[in-house]
Amino acid sequence: MPIFENFNSAKRVFAYYSAGEVLYMAKTKLKEELLSDEILEDGKKKSDKRGPKHRAERHIGRNLGITVGAIVVVAASAFTVVANKYSDIYPNTYISDTNISKMSESELETYLNRTYSADKLKDGTIKLICKDDNLDVKCSDLNISFDNEATLQQALNTGKTGNIFRNTLSFAKRFFVKEDIRPVISYDREKLAAAINEVTKKYEIEPVGHTFKINTDSVTVIGPVNGLKVNRDMAMDAVETQIKNLSPSSVELKPESVKPQALNADEFYAWLTSDAENAYYEKVDGKIGVHAGKPKCTVDREVVDKALSDLKSSADNTVNIPVTLTQPTDTEDKLKENLYKDQLGTYTTNFGGSSAARANNVRLAAQRINGTELMPDEEFSYDKAILPRTAANGYMAAPVYVGNKVESGLGGGICQPSSTLYVAALYANLEILERHNHSLAVGYMPPGMDATIAQGVLDLRFKNTTGYPVKINASANGGVLTFTIVGYNPEGISVELQRYASGGAYHLTRLVKKGGEVIKKEAMASSVYGKHEKN
């Protein structure tokens with residue numbers, strides 16, 4: 001009679017007995033069969049004068065190895081089948097301190113929904129502590145949510161997602177090692193990160209890697225400086241653990257020493273000895289400055305390697321590397337010297353007779369444009385620059401042209417700054433992209449030289465085509481409005497404006513000159529005005 005008749009009998013045996021007990025059972029069973037004196041050899045029944053006991057021992061010795069091997073194969077096969085057919089939660093599986101191994105799927109679902117809910121944390125607070133500072137974070141502000149369905153699936157499937165061998169090993173491991181399932185949650189990570197940043201910012205220092213200063217005949221290398229940072233991953237994990245355990249309390253945030261990224265000597269030497277790079281203009285947060293270039297440094301690799309080695313034992317954390325410099329064509333000093341060096345165009349009008357409200361609007365528009373900087377090929381929009389004409393933006397009601405009539409409207413008077421700026425841009429030789437004349441002639445500007453504005457409809461737009469940055473300076477003091485555009489004019493370009501009337505229209509021509517000679521003649525948009533109508 002075989003030891004295991006089928007899979008179910010194997011499963012039952014291994015469910016209740018250890019491998020050693022199964023082996024003992026097999027040995028005993030075989031011995032009983034041999035002692036029955038029904039041993040067959042060559043198809044014939046034989047007797048042995050030395051007795052049944054001797055015959056049993058002889059056959060046990062001969063067949064025990066075969067039996068043990070068979071048992072091991074059968075046991076391993078049975079265990080593999082059990083492991084890969086096991087549909088319940090694996091043994092020794094816990095959520096927090098609760099053993100969920102013997103729960104059915106429905107029982108576990110009920111347990112999770114009863115135990116894990118954001119409502120249980122609605123009054124909870126997590127105190128973030130960093131040295132002498134602390135900050136309370138309300139759990140309700142983190143928008144915490146428990147995904148109990150995902151936790152359920154994790155508990156059911158953990159250890160069962162590999163191949164047949166991995167699953168078998170995972171199943172066997174569970175009889176000796178506890179498996180902890182963590183509840184699946186979601187929360188506002190950005191809010192928590194912001195809170196951590198707020199409480200730690202006073203104590204954190206960014207690490208600084210190697211820095212360099214290029215001198216006239218050497219390069220000074222300053223060694224790295226460690227920083228102090230709170231490990232964000234550990235901090236977030238500590239908070240998550242408290243949330244998952246439904247036990248919000250306090251989390252201590254300890255700034256630890258952090259090393260900067262190590263210097264790659266090969267990359268440093270390649271950068272140091274690379275071709276010279278020109279400095280260039282760049283615009284950051286509306287302001288134009290100079291981005292430093294880099295000279296080419298000629299130096300042997302051995303000299304650089306020795307200097308970097310000496311840096312490690314330097315008392316002041318610095319070392320000098322002697323080099324031969326080849327400067328770029330455009331150096332930082334040269335670009336700074338040329339930035340806004342020349343006056344390109346200026347124009348002045350008078351608003352001394354304006355009402356207080358109109359004068360306010362003129363000054364407000366001028367203030368919002370003053371200091372505007374444009375990179376080469378950058379466009380300027382007057383309508384956008386002065387912001388919407390609302391009381392909230394400081395504008396007042398004053399006379400405006402509506403068709404051929406004069407009415408009161410918020411922002412009345414803003415066309416005087418636009419007209420003044422238009423003429424300054426003409427003299428600065430900037431490309432005019434959009435300009436419109438008023439419906440009626442204005443008293444502060446010669447006909448054909450005004451520029452009207454209608455929010456979102458009519459605009460004054462121009463483009464910086466000088467090849468260098470330009471800056472618009474504006475002033476509105478004592479009833480005098482002036483716009484001046486400065487930049488760099490290495491070729492000595494000048495502009496002359498010619499205005500004339502013909503056929504009821506006013507025409508304007510821009511003459512661009514170099515060395516007194518006209519190099520470009522440009523006809524600007526003509527202007528036609530109506531007649532005043534009574535309201």
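To be clear, the structure that these remarks concern was listed above.
Throughout, a residue's number is its position along its own chain's written sequence, starting from 1. Residues qualify for local features only when their pLDDT is at least 70, as the model is predicted, and side-chain atom pairs are given and counted only at 80 or more; totals for whole chains, interfaces and linings, by contrast, use all residues. With hydrogens and water set aside, each side-chain value is computed from the structure's full complement of heavy atoms.

1. Here's the deal with the overall build of the protein chain
Thinking step 1. Looking only at helices and strands, the protein chain features 14 helices and 31 strands.
Thinking step 2. Counting every atom, the protein chain has about 30300 Å² of accessible surface; 51% of that belongs to carbon and sulfur. By definition, any uninterrupted DSSP run of H or I lasting at least four residues is a helix, any uninterrupted run of E lasting at least two residues is a strand, and each is numbered from the N terminus. Each accessible area is a Shrake-Rupley estimate made with a 1.4 Å probe; only the visible protein chains count as cover when residues are assessed.

2. Section: the packing of helix α7 (residues 189–200) against helix α8 (residues 232–244)
In a packed pair of helices, the relevant descriptors are the angle between the two axes and the axis-to-axis distance.
Thinking step 1. Interaxial angles span 0 to 180 degrees and are taken between N-to-C directions of axes, which are lines fitted to C-alpha atoms, for helices over the stretch in contact. Direction vectors running N to C along α7 and α8 enclose 120 degrees, while the axes themselves pass 11 Å from each other. The orientation of α7 with respect to α8, classified from their angle, is oblique. In this structure, the crossing between α7 and α8 has a hand that is right-handed. Across from R189, L192, A193, I196, N197 and T200 in α7, the residues of α8 making contact are R232, A235, M236, V239 and E240. Should an angle fall under 35 degrees it is called roughly parallel, over 145 degrees roughly antiparallel, and 65 to 115 degrees roughly perpendicular, with every other angle called oblique. Two helices that cross are described as forming a left-handed crossing if the nearer one is turned anticlockwise from the farther one by less than a right angle, and a right-handed crossing if clockwise. Contacts between residues were defined by any pair of non-hydrogen atoms, one from each residue, lying within 4.5 Å.

3. Considering the packing of aromatic side chains
Thinking step 1. Working definition: rings of Phe, Tyr and Trp (its six-membered ring) pair if their centres are within 6.5 Å, and the pair is stacked with planes under 30 degrees apart, edge-to-face with planes over 60 apart, and tilted otherwise. Inspection of the entire model under this criterion finds seven aromatic pairs.
Thinking step 2. Between F268 and W271 the ring centres are 6.3 Å apart and the planes differ by 25 degrees, which places this aromatic pair in the stacked class. Placement of both F268 and W271 in helix α9 (residues 265–272) is noted, with a separation of three residues, approximately one turn of the helix.
Thinking step 3. Note on exposure labels: buried denotes an accessible area under 20% of the residue type's maximum, exposed denotes more than 50%, and partly exposed covers the range between, all computed with a 1.4 Å probe on protein chains only. Judged by relative accessible area, W271 falls into the partly exposed class, the value being 34%.
Thinking step 4. Aromatic side chains Y468 and Y488 sit 4.9 Å apart centroid to centroid with 85 degrees between the ring planes, which places their arrangement in the edge-to-face category. Taken together, the residues Y468 in the loop between β26 (461–463) and β27 (470–477) and Y488 in the loop between β28 (480–487) and β29 (493–502) connect sequence positions 20 residues apart.
Thinking step 5. Y468 gets classed as partly exposed once you look at its relative accessible area, which sits at 28%.

4. Quick word on the sheet that holds strand β5 (residues 125–130)
Thinking step 1. For two strands to pair, DSSP has to find at least two bridges joining them. Taken in spatial order, the three strands of this open sheet run β6-β5-β13, and their pairing is mixed. Each edge of the open sheet is held by one strand with a lone partner, namely β6 (133–138) and β13 (250–252). Recorded for the sheet is a direction-independent mean angle of 20 degrees between the axes of neighbouring strands.
Thinking step 2. Two elements, β5 and β6, share six bridges in a ladder whose sense is antiparallel. Its bridge partner lying in β6, K127 is registered against D136.
Thinking step 3. Its contacts with the sheet place α7 against β5 and β6, and it is angled at close to 165 degrees to β6.

5. Quick notes on the pattern of salt bridges
Thinking step 1. For salt bridges, the criterion is a side-chain nitrogen of Lys or Arg within 4 Å of an Asp or Glu carboxyl oxygen. The final tally for this structure, using the stated rule, is 23 salt bridges.
Thinking step 2. We note a salt bridge from E198 to K201, for which the minimum N-O separation is 3.3 Å.
Thinking step 3. Classification of K201 as exposed rests on a relative accessible area of 54%.
Thinking step 4. Across the salt bridge formed by K514 and E491, the nearest N and O atoms sit 4.0 Å from each other. Linking K514 in strand β30 (residues 505–514) with E491 in the loop between β28 and β29, this pair joins segments that are 23 residues apart in sequence.
Thinking step 5. Assessed through its relative accessible area of 39%, K514 is described here as partly exposed.

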